[in-house]
Structure formats: structure tokens, C-alpha cells
Amino acid sequence: MKPPLLLSRANDRRPIRLAGFLDCDRHLYVRYGDPTSVLTANAEDGGNERTVVSFPEGIILRDPQFSPDGNAVYFIKMERKDGVEYWSLNHVDLRSNAQEVVIPAQRERIAEIAFVGSTNALIMNAVDPVTNATQLFYVSLPGGRLTRVTNDLNSYFGVSVDRAGTQIVSALAW
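Given the structure is predicted, the values throughout are model-derived calculations rather than measurements. (Residues numbered from 1 in each chain as written. Predicted model: local features only at pLDDT ≥ 70, side-chain atom pairs only at ≥ 80, totals over all residues. Heavy atoms only, no water.)

(A) Focus on unusual backbone geometry. Omega for the peptide link from D34 to P35 comes to 10 degrees, which places this bond in the cis form. Of note, P35 is situated in the loop between β3 (26–31) and β4 (36–42). Between L141 and P142 the backbone carries a cis peptide bond, its omega angle lying at -10 degrees. Tracing the chain through its elements places P142 in the loop between β12 (134–140) and β13 (145–148). The residue N97 is not glycine, and still its phi comes out positive at about 65 degrees. Following the sequence through the fold, N97 ends up in the loop between β8 (84–93) and β9 (99–106). A residue is classified by how much of its surface remains accessible, and N97, at 54% relative accessible area, is exposed. Non-glycine residue N132 carries a positive phi angle of around 65 degrees. (Helix = DSSP H or I, 4+ residues; strand = E, 2+ residues; numbered from the N terminus. Buried < 20%, exposed > 50% of the residue type's maximum accessible area, 1.4 Å probe, protein only.)

Okay, here's the thing in C-alpha cells:
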């Protein structure tokens, strides 16, 4: 594991230690423009930038995540057709560069994703088409089979899963 990253607060020069937080070699991020791309770069210095996938300007890409084995990148894609937003969950195999749609384009927003430990499954935060409430769904991979985790009239924002894949955290909207 890499040594802890040292940060400092704007009004306080004492370092903040994020022990064990950054233990990967590469970061993922989205760059908007023409084209809009998911990119990866060295975690240490931001160098060795590589394009994972690109789409024409106007496509929104959100929440890129490495698969637990590091061989794929999953991301949310939003595109507009005739003024209507369509959301999909996609992945790119980093070994072959093959792209695959996991959840086909739908009108309901897909907000965030998080892997369930080292398994081939995700927890997804998405809008329920009947209630219009943002709910949590379990996504089996490969295939994209959905199983609802929450089933109420509340809306949930954000999603995080612990490393063991045993606890889910999401914010409840009132």
C-alpha cells in the first residue's frame, strides 16, 4: 500500500492523513468537451493519461468506476434524443477495449454506482418510474439483472459500499 496522502485545510496548515484511502495506481475521471471522455491517469502525479472511452460533445458521462479486478471500467451515460434524457449503464473491457451496454437506455435517471466488495455486482441509485423516487438497486454482472434493494416512497442520494461488500450507505432525502 502507498503511504498516506497528506492534505492541509485552507485555514489550517496541519496535514490531514487519509490512511489507506488511496491504494490504487490510477484514477478515473471525466473530461467534458469535444469529445467527452472517461480518462485514467497515474494516481501519484496525474501523468500517463489514457482515454478509456470517448463520445461526441453533448453526451454526459458520470461516475466512472474500476471493476474490482481492475480489468473493466463501468460508467453512466446520458444522451438526449428529441429533448428527452436517456440513461444507461455501460462498461469497457480494458484488455480488449470492447464496450458493452449493461442496462439499456431508459428515461429514468441513473445517478450513482458502487461495487459490492470484490463481487461482480453493483449497487445503483436510480429513479423508480412509478413513484419518481430515487431508489437503490442491486445489479448482477454480467447481464445487468436488477433486484430492488429499497422499496418505499423515500428518495436516496449517493451510494457507497464498504470494501467487504456488507454495508451500504446512502443519504435519505426528506
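(B) Fine view of the side chain of N125. Within the secondary structure layout, N125 lies in strand β11 (residues 121–127). Leaving out residues up to four positions away in the same chain, N125 has contacts with R109, I110, A111, E112, T134, Q135, L136, Y156, F157, G158, V159 and S170. (Contact = heavy atoms within 4.5 Å.)

(C) The nonpolar core, seen in detail. Ranked by internal contacts, the top residues of the largest apolar core, which has 17 residues, are Y74, L89, I110, L122, M124 and V139. For this core, the secondary structure elements donating two or more residues are β7 (72–81), β8, β9, β10 (110–115), β11 and β12. Excluding its chain neighbours within four sequence positions, the residues that come into contact with M124 are I103, I110, E112, I113, Q135, L136, F137, V139 and L146. In terms of nonpolar packing, the next biggest core, distinct from the first, is built from ten residues, L28, I59, L61 and F75 among them. (Core = buried A, V, L, I, M, F, W, Y, C linked by side-chain atoms within 4.5 Å.)

(D) Representation of the sheet that holds β4 in the model. The three strands lie next to each other as β3-β4-β5, forming an open sheet whose pairing is antiparallel. In this open sheet, the two strands that pair with only one neighbour each are β3 and β5 (50–55). Strand-to-strand twist of the sheet, defined as the mean angle between neighbouring strand axes without regard to direction, takes the value 15 degrees. (Pairing = 2+ DSSP bridges. Axes fitted to C-alpha atoms, helices over the stretch in contact; angles between N-to-C directions.)

Spatial relationships are all this shows, so hold off on functional conclusions.
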